Amino acid sequence: MTAPSRRSLFQMIGVVAGSAAMYHAMTELGYAEGSSFEGPIKLSRPPAGSSVLILGAGIAGMVAAMELRDAGYKVQVLEYNGRPGGRNWSLYGGDTYTELGGATQHVQFDPGQYLNPGPWRLPFHHRGILHYARRMGVAMEPFIQVNYNAYVHSPNGYGGKPQRYRKIQADFHGHVAELLAKSTRQNALDQAVSKEDREILMQALQAWGALDGNYEYKKGVASSMRRGFDVDPGGGIKSVPVPSEPLALSDLLRSGLWSAIGSGHNYELQSTIFQPRGGMGTIGKAMGANLGPLIEYNCKVTDVRQDGEGVTATYVDSRNGGAPRTARAQWCLCTIPTPILAQIPMNVGAPMKAAIDQLPYLAAVKVGLQFKRRFWEEDEQIYGGITYTSLPSTTISYPMWDYYSAGKGVLLGAYTFGRPAYLAASKSPQERIHDALRDGAKIHPQYPAEYENGVAVAWHRVPWAMGCQGAWTEEARDQHYNNLCALDGRILLASEHASRLPGWQEGSVTSALDAITRLHARVVQP
Amino acid sequence: MMRRICFVIFLMALPASAADTPDMRGAPFAMQGGEAVYRGVCQGCHMADAKGASGAGTYPALAGNQKLAEGGYVLSMVMNGNRGMPPFRDHFTNAQVADVVNFVRSHFGNHYKGKIREVDVQALR
């Protein structure tokens with residue numbers, strides 16, 4: 001390999017330093033923490049007649065409802081939708097979804113196909129949600145986060161030709177290892193690495209980066225055992241493998257593609273990750289069935305009022321309005337998303353009100369695309385996992401079920417946050433699908449010939465969420481988080497937005513358990 | 001070049017929330033002019049006709065909305081957000097903010113006097 005330019009070197013150092021700095025920052029934001037779940041909760045029996053009104057039959061509301069019911073509380077749950085689950089949700093063929101603004105999509109997926117518009121991954125250490133999924137009898141299958149044969153893609157690298165994750169990762173590690181080995185040999189690391197450790201470091205770099213006997217990363221068996229061969233070894237006479245040529249360091253750096261190989265290193269995206277068989281929504285459905293008549297559906301809450309003895313929620317039918325009805329209990333656990341809750345009159349103190357008002361939900365968009373055949377498997381040997389692109393669609397994910405089946409398949413054709421998601425929310429569902437097809441065709445030219453139908457969910461247009469997850473900033477968390485979580489008279493809140501695991505169902509579970517534990521302590525020791 | 005690199009850094013570094021990519025990222029909004037900003041971003045919630053929408057909660061109508069009489073109020077909402085509205089201070093330039101505020105105050109049946117200037121936006125930064 002040729003020596004990198006000074007500029008390239010600085011860029012590479014930036015990657016390493018940047019990642020560390022980023023990790024530090026994210027840790028402070030609470031993003032990188034593990035779950036606080038400590039095993040099944042056990043509440044003592046409350047005084048006879050103790051009652052809790054729960055607003056929202058999402059994961060937080062239903063976990064709380066099951067545990068409070070089991071402890072002996074009288075529980076009632078009001079839910080806006082006609083189904084349980086909230087953001088725990090899967091769309092199947094035959095489903096109809098109407099977003100704010102009135103656009104209605106009739107999902108046309110084949111049987112067995114689905115899109116999880118919301119959460120789709122369950123990291124192994126999210127033990128709370130996994131506990132409840134198991135308790136509900138929901139079957140799990142592995143979620144493939146990292147697929148070495150999927151692509152990383154940018155229009156700015158390699159003429160826009162998608163690159164296999166495997167090659168980008170092998171070459172990036174290999175080049176970095178070679179540079180470090182060179183520096184070590186030139187005694188440039190003397191201050192950081194002792195003489196005794198230097199030998200070990202050299203061995204480690206050779207093994208980690210697939211360097212050859214001269215500590216160089218170049219075309220040969222060692223590097224091809226990582227990045228793959230031009231011709232794979234085989235049996236019989238045609239058995240000789242042909243090594244492949246690594247990408248040049250400078251091209252690799254300038255492509256930006258090195259940045260797309262890291263997601264699986266993150267604690268929350270490390271193996272093993274699970275997905276419920278048949279769609280994430282199976283968890284919510286099972287919880288809803290468990291709670292049965294305790295959940296009242298199609299209830300739009302319009303007012304929440306507490307007094308000395310209890311809390312009264314006023315609600316109307318979410319489909320056709322009609323006469324207001326009321327529900328009342330001694331206590332109220334509210335899991336309504338803050339963008340909606342901020343608009344519902346509720347007599348809580350100024351600190352909680354301010355905390356609710358300042359917490360919008362993030363923009364996010366997911367697009368599901370059904371294709372006539374599983375060309376990513378048949379033509380490209382991609383079985384599950386994720387392709388990343390710097391195009392607006394950001395994420396393409398391959399179905400992680402029914403591998404090798406002859407039938408159709410639904411791709412996650414786009415999964416994007418931030419500005420691209422804002423832009424997509426301003427478009428019609430058909431335009432969002434069109435954009436996902438346009439981006440995806442640059443990676444998979446089979447798209448136009450094989451596409452059948454799709455569905456697009458922009459979370460700011462979801463009528464019962466108005467965003468995908470609480471949009472916390474570090475400053476806002478310092479100022480408002482404790483006020484959001486504190487018991488205010490007889491009202492307290494739970495959701496992922498009242499957790500340090502924003503956007504994760506584990507945040508909802510641990511938030512709910514923490515909330516009802518505090519509530520219960522207040523009930524049994526007034 | 002650096003802009004692109006930075007964008008992609010986030011694509012990977014991110015022990016992000018539930019996302020592979022954190023919010024507040026992505027290419028800067030390129031549209032120019034109040035109408036383009038509204039069509040590109042604002043109508044995602046306030047809708048193409050600026051009449052808002054209602055589900056479990058409501059995106060308020062901007063059409064014929066008397067609250068828009070006070071330009072400073074609209075400016076503050078765009079910059080800081082409140083009650084479900086996200087802050088856009090990190091997404092838009094001063095010109096984009098001023099343009100879209102002036103656009104919504106002079107369209108959709110609104111005819112409010114007085115323009116927000118870029119210096120007014122800058123004053124909130």
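Note that the structure is predicted; figures quoted are calculated from it, not measured.

(A) Representation of the overall build of chain A in the model. On a plain count of helices and strands, chain A comes out with 16 helices and 22 strands. Sequence-distant contacts in chain A: of pairs separated by 6 or more residues, those separated by 24 or more amount to 70%.

(B) Expanded view of the overall build of chain B. The number of helices and strands found in chain B is five helices and two strands. Scanning chain B from its N terminus toward the C terminus, one meets helices and strands in the order α-α-β-β-α-α-α. Looking at the 125 residues of chain B, the share that counts as buried comes to 42%. If you take every contact in chain B between residues at least 6 apart in sequence, the share linking residues at least 24 apart comes to 45%.

(C) Just helix α5 (residues 195-209) of chain A, in detail. All names here are of chain A. Taking 1.5 Å as the rise per residue, α5 with 15 residues should run 21 Å; its terminal C-alpha atoms sit 21 Å apart, in good agreement. Within α5 the residues assigned to the buried category are Leu-205, Gln-206 and Gly-209. Taken down its axis, α5 places every buried residue within 100° of arc, on the same side. Facing away from the buried side of α5 by more than 90 degrees, the exposed set consists of Glu-196, Glu-199, Ile-200, Gln-203 and Ala-207. Residue Ala-210 follows α5 closely and has a positive phi angle near 60°.

(D) Spotlight on the packing of helix α10 (residues 350-357) of chain A against helix α15 (residues 474-485) of chain A. Residue and element names in this part refer to chain A. Where α10 meets α15, the axes come as close as 8 Å, and the angle between the chain directions of the two elements is 115°. For the element pair α10 and α15, the recorded crossing hand is left-handed. In this structure, α10 uses Pro-351, Met-352, Ala-354, Ala-355 and Ile-356 to contact α15, whose residues at the interface are His-480, Asn-483 and Leu-484. When its residues are assigned to classes, the contact of α10 with α15 shows six nonpolar, two polar and no charged.

(E) Region of the structure containing the pairing of strand β15 (residues 321-329) of chain A. Residues and elements named next belong to chain A. Pairing analysis gives six bridges linking strand β14 (residues 311-317) to β15, with the strands arranged antiparallel. Of the residues in β15, the one forming a bridge with Val-311 is Ala-329. With antiparallel pairing between neighbouring strands as the criterion, β14 and β15 make up a hairpin whose turn holds three residues.

(F) Region of interest: helix α3 (residues 127-135) of chain A. Residues and elements named next belong to chain A. Arg-127, Gly-128, Ile-129, Leu-130, Tyr-132 and Ala-133 are the residues of α3 that are buried. Of the surrounding elements, those touching the buried residues of α3 are α2 (59-71), β7 (122-123), β8 (140-143), β11 (273-276), α8 (281-291) and α16 (505-524). Just downstream of α3 lies Gly-137, where phi reads positive at about 75°.

(G) Looking closely at the confidence of the model for chain B. Residues and elements named next belong to chain B. Per-residue confidence for chain B gives a mean pLDDT of 86, with 81% of residues at or over 70. Confidence drops under pLDDT 50 across residues 1-16; counting only partners more than four residues distant or on other chains, this segment forms 45 contacts. With a pTM of 0.91, the predicted complex shows an ipTM of 0.89.

(H) Here's a closer look at the sheet that holds strand β13 (residues 299-306) of chain A. Residues and elements named next belong to chain A. On the basis of which strands lie adjacent, the open sheet formed by three strands has the order β13-β14-β15 and antiparallel pairing. Looking along the sheet, the strands with just one partner apiece sit at the ends: β13 and β15. Strand-to-strand twist across the sheet, computed as the mean angle between neighbouring axes with direction ignored, equals 20°. Bridge count for β13 against β14 is seven bridges, and the pairing is antiparallel. Residue pairing in the sheet places Lys-300 in a bridge with Val-316 of β14.

(I) Spatial organisation of the nonpolar core. All names here are of chain A. With 154 residues, the main nonpolar core has Val-63, Ala-64, Cys-332, Leu-333 and Val-365 as its most contacted residues. By residue number, the principal contributor to this core is α2, which donates eight residues. Apart from residues no more than four positions distant in its own chain, Cys-332 is found in contact with Leu-53, Leu-55, Val-304, Val-311, Ala-313, Arg-490 and Ile-491.

(J) Expanded view of the environment of Asp-488 of chain A. Residue placement: Asp-488 of chain A occurs in the loop between α15 and β22 (491-493). When the C-alpha positions of Asp-488 of chain A and Val-348 of chain A are compared, they lie 6.2 Å apart, and in sequence the two are 140 residues distant.

(K) Inspection of the domain arrangement of chain A at higher detail. Splitting chain A by domain gives domain 1 (6-30 + 165-255), domain 2 (51-85 + 282-353 + 476-524) and domain 3 (91-149 + 362-461). In this structure, domain 1 of chain A and domain 2 of chain A have C-alpha centres spaced 51 Å apart.

(L) View of the packing of α2 of chain A against α8 of chain A. Residues and elements named next belong to chain A. Where α2 meets α8, the closest approach of the two axes is 10 Å, and the angle between their N-to-C directions is 35°. Classified by chirality, the crossing of α8 by α2 is left-handed. Two secondary-structure elements touch here, α2 through Ile-59, Met-62, Ala-65 and Met-66 and α8 through Gly-284, Met-287, Gly-288, Asn-290 and Leu-291. Of the residues contributing to the contact of α2 with α8, the split by class is six nonpolar, three polar and no charged.

(M) Geometry of the sheet that holds strand β1 (residues 51-55) of chain A. Residues and elements named next belong to chain A. The sheet built from five strands is open, its strands ordered β12-β2-β1-β16-β22 with parallel pairing. What marks the edges here is a single partner per strand, and that holds for β12 (295-296) and β22. One ladder, built from two bridges, connects strand β2 (residues 74-78) with β12; its direction is parallel. Counted as the bridge partner of Val-77 is Ile-295 from β12. Strand contacts of α2: β1, β2 and β16 (331-334), with the helix running at about 165° to β2, the strand carrying the most contacts.

(N) Here's a closer look at the pairing of β11 of chain A. Residues and elements named next belong to chain A. Pairing analysis gives two bridges linking β7 to β11, with the strands arranged antiparallel. The partner of Pro-123 across the bridge, within β11, is Ile-273. Sheet topology places β8 next to β11; four bridges connect them, and they run antiparallel. Bridge pairing in β11 links Glu-141 to Gln-275.

(O) Here's a closer look at the environment of Gly-33 of chain B. Residues and elements named next belong to chain B. Within the secondary structure layout, Gly-33 lies in the loop between α1 (2-13) and α2 (34-46). On the neighbour-count criterion, Gly-33 (13 C-beta atoms within 10 Å) is partly exposed. Sequence spacing of Gly-33 and Gly-57 is 24 residues, and the spatial spacing of their C-alpha atoms is 30 Å.

(P) Expanded view of the environment of Leu-391 of chain A. Residue and element names in this part refer to chain A. Relative to the elements of secondary structure, Leu-391 occurs in the loop between β18 (386-389) and β19 (395-397). Put simply, Leu-391 and Ile-237 are 154 residues apart on the chain and 44 Å apart in space, counted from C-alpha to C-alpha. Apart from the residues within four sequence positions on either side, Leu-391 is in contact with Pro-155, Asp-439 and Lys-442.

Calculation criteria
Residues numbered from 1 in each chain as written. Chains lettered and ligands numbered in written order. Predicted model: local features only at pLDDT ≥ 70, side-chain atom pairs only at ≥ 80, totals over all residues. Helix = DSSP H or I, 4+ residues; strand = E, 2+ residues; numbered from the N terminus. Contact = placed C-beta atoms within 7 Å. Buried ≥ 20, exposed ≤ 12 C-beta atoms within 10 Å, placed from the backbone. Expected span 1.5 Å × (residues − 1). Arc of directions from axis to C-beta. Axes fitted to C-alpha atoms, helices over the stretch in contact; angles between N-to-C directions. Left-handed = near helix turned anticlockwise from the far one by under 90°. Nonpolar A, V, L, I, M, F, W, Y, C, P; charged D, E, K, R; others polar. Pairing = 2+ DSSP bridges. pLDDT = per-residue confidence, 0-100. Core = buried A, V, L, I, M, F, W, Y, C linked by C-beta atoms within 7 Å. Domains from an automatic or database assignment.

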